[in-house]
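Summary of structural features
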Amino acid sequence: MTLGRIVLKSLRQYALSTAVTATSMALASGLMMAIWMVKAQSERTFTQITGGFDAVLGARSSKLQLVLNAVFHLEASPANIAWKDFDEVRKNPGVKLAVPIAMGDNFRGYRIVGTLPEMFGEYAPGRQFQVRAPGRLFDPALREAVVGSFAARRLGLKRGDRFHPYHGLNFDEQQAHAEEYIVVGVLEPSNTPADRVLWIPLEGVQTMSGHGEEHGSELSAVLVALNTPLAGRALEQLYNKQGDRLTFAWPIGATMVELFSKIGWFDKVLTLIAALVAIVAAGSVLASIYNSMNERRRQIAILRALGARQAIVALTVVWEATAIGILGAMLGFCVYFGILLTAARVLRNQTGVVLEAWACHPVLVWAPLGLVGLSALAGLVPALKAYRTEVAEHLLN
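Here's a quick rundown of the structure. On a predicted model such as this, the values are computed, not experimentally measured, just so you know. (Residues numbered from 1 in each chain as written. Predicted model: local features only at pLDDT ≥ 70, side-chain atom pairs only at ≥ 80, totals over all residues. Heavy atoms only, no water.)

Some words on the nonpolar core
Selection rule: Residues belong to one nonpolar core when they are buried, are Ala, Val, Leu, Ile, Met, Phe, Trp, Tyr or Cys, and are joined through side-chain atoms within 4.5 Å. The cut-offs for exposure are 20% and 50% of the maximum accessible area for each residue type, with area from a 1.4 Å probe on protein chains only; residues under the lower value are buried, those over the upper are exposed, and the others partly exposed. What counts as a helix is a DSSP run of H or I of at least four residues, what counts as a strand is a run of E of at least two, and both are numbered from the N terminus. Whether two residues touch is decided by their heavy atoms; if any such pair falls within 4.5 Å, the residues are in contact.
Counting 50 residues, the largest nonpolar core has V56, V67, V71, F72, W199 and L223 as its most contacted members. Those elements that provide at least two residues to this core are α2 (15-48), α3 (63-70), β3 (95-107), β13 (221-226), α8 (252-262), α11 (310-351) and α12 (363-378). Residue contributions to this core peak at six residues, all from α2. Once residues within four sequence positions are removed from consideration, W199 is found in contact with H73, V113, T115, M119, F120, F138, E144, A145, V146, G148, L187 and A194. In terms of nonpolar packing, the next biggest core, distinct from the first, is built from 39 residues, F86, F107, I112 and L157 among them.

Quick word on the side chain of T21
Relative to the elements of secondary structure, T21 occurs in helix α2. With sequence-adjacent residues up to four places away left out, T21 is seen in contact with S284, V285, S288 and I324.

Details of the packing of aromatic side chains
Put simply, the test is: Stacked, tilted and edge-to-face pairs are distinguished by plane angle, under 30 degrees for stacked and over 60 for edge-to-face with tilted covering the rest, among Phe, Tyr and Trp rings (Trp via its six-membered ring) whose centres lie within 6.5 Å. Counted as over-ring charges are cases with an Arg CZ or a Lys NZ within 6 Å of the ring centre that also lie within 35 degrees of the ring normal.
This model, assessed by the stated rule, comprises 16 aromatic pairs. A centroid spacing of 5.7 Å and a plane angle of 75° characterise the contact between W265 and F266, whose relative ring orientation is edge-to-face. Judged by relative accessible area, which is 42%, F266 ranks as partly exposed. With centroids separated by 4.7 Å and ring planes inclined at 45°, the aromatic side chains of F337 and W358 adopt a geometry described as tilted. Residue F337 is found in helix α11, and its partner W358 is found in the loop between α11 and α12; the two are separated by 21 residues along the sequence. Cluster of aromatic residues (ring-pair linked, three or more members): F107, F163, Y166, F171 and Y181. A cation over a ring is seen here: K39 above W36, with NZ or CZ 5.9 Å from the ring centre.

Structural notes on the layout of surface pockets
Where empty space is left becomes clear once a probe the size of a water molecule has been rolled over the atoms. Quick note on the threshold: The distinction between a cavity and a pocket rests on a 1 Å grid over the protein atoms alone: a 1.4 Å probe fits inside a cavity but cannot get out, while a pocket stays open yet meets protein on both sides within 12 Å along at least five of seven lines, and a residue with an atom within 4 Å of a point counts as lining. Grid points are joined across faces, edges and corners, and a volume is the space filled by probe spheres set on the points. Charged residues are taken to be Asp, Glu, Lys and Arg, nonpolar residues to be Ala, Val, Leu, Ile, Met, Phe, Trp, Tyr, Cys and Pro, and polar residues to be all remaining types, Gly included.
Quantified by volume, the largest pocket comes out at close to 530 Å³. Lining the largest pocket are 21 residues, with V38, S42, I263, F266 and D267 sitting closest to its centre. It is α2 that provides the largest number of residues to the lining of the largest pocket, a total of seven residues. When its residues are assigned to classes, the lining of the largest pocket shows 16 nonpolar, three polar and two charged. In this structure, the second largest pocket encloses a volume near 400 Å³. In terms of lining, the second largest pocket is formed by 16 residues, of which the most central are T45, Q48, I49, R127 and N191.

Below is the structure:
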């Protein structure tokens, strides 16, 4: 019998324990890969999404809160700022473009953001917002809306449909505004938070019934594109160091790094859990094979009597443990895709950010190989026991 056939026969003979230990390995490998991929992709994606702008100007608050609110549409606005603040920043010689936004309403849970058509420029290098033909951008003077692709699909909205905004960021059927808007366009997918938003003219949010007279001259924030990084440093000094009323969150990507530094401990906990699962899985491989050695002693003695050397017998046990690790690593990719696709769906629904399930990363290589190596290492103890098996004693029993 060849070495491979011996290993295969042993795996079949102890099919239940093989399945249990391989499943443990799969969970460890899949969990490890998923944790690293979600972390790496999320950090890269969130720090690269800027909407085509370099900074956010808003009321005095943390930079992170401003960026999450104005760019990712997640947090509540800390406070409003005056129209004169927008006027001041857009006239700054270091500012290439300044676009005001106003929010505070929703449609069935999806945020409504008031802005200007200039908002829909280049959101990433070489990528520009596009409206599906034959749609168009809204007229700033009319009650028209442009809907993000994800929001349009979830809400069933299409060009020509009409809707009433609801007051507040949380949907309440009792809080409908009297104004009615018509959808004049749906954005092509951009895989950014803009896909989850209903965009209307800035004036529409400012003059919406129930917002109060003072709201008409106020903004939630201003998105700013700069001519040079030097302009960013100057504006940061002006608003953050010298002033005490406004906050200039610049640069957007560096601000988002702060978020991941705050939740870094959570990634470490998950990684530790995955490592513990891997160790337990390796222990189950060792225990499974070691506990079966008493039943295998006669089989080992027969192999020795037929001419198999001690090293070959021991190697057979190591290969069996390795085979369990390989099987677990292969099944681990099923666990990995299951976790990653679920996490990607949740992240897309909540933020509009898209994770790539088929993206490559070194962890997809070293995690399975590490688990296979750990499994092989676990096979050394039962292999040593097989190596020391006495032939004559067990042939007679």
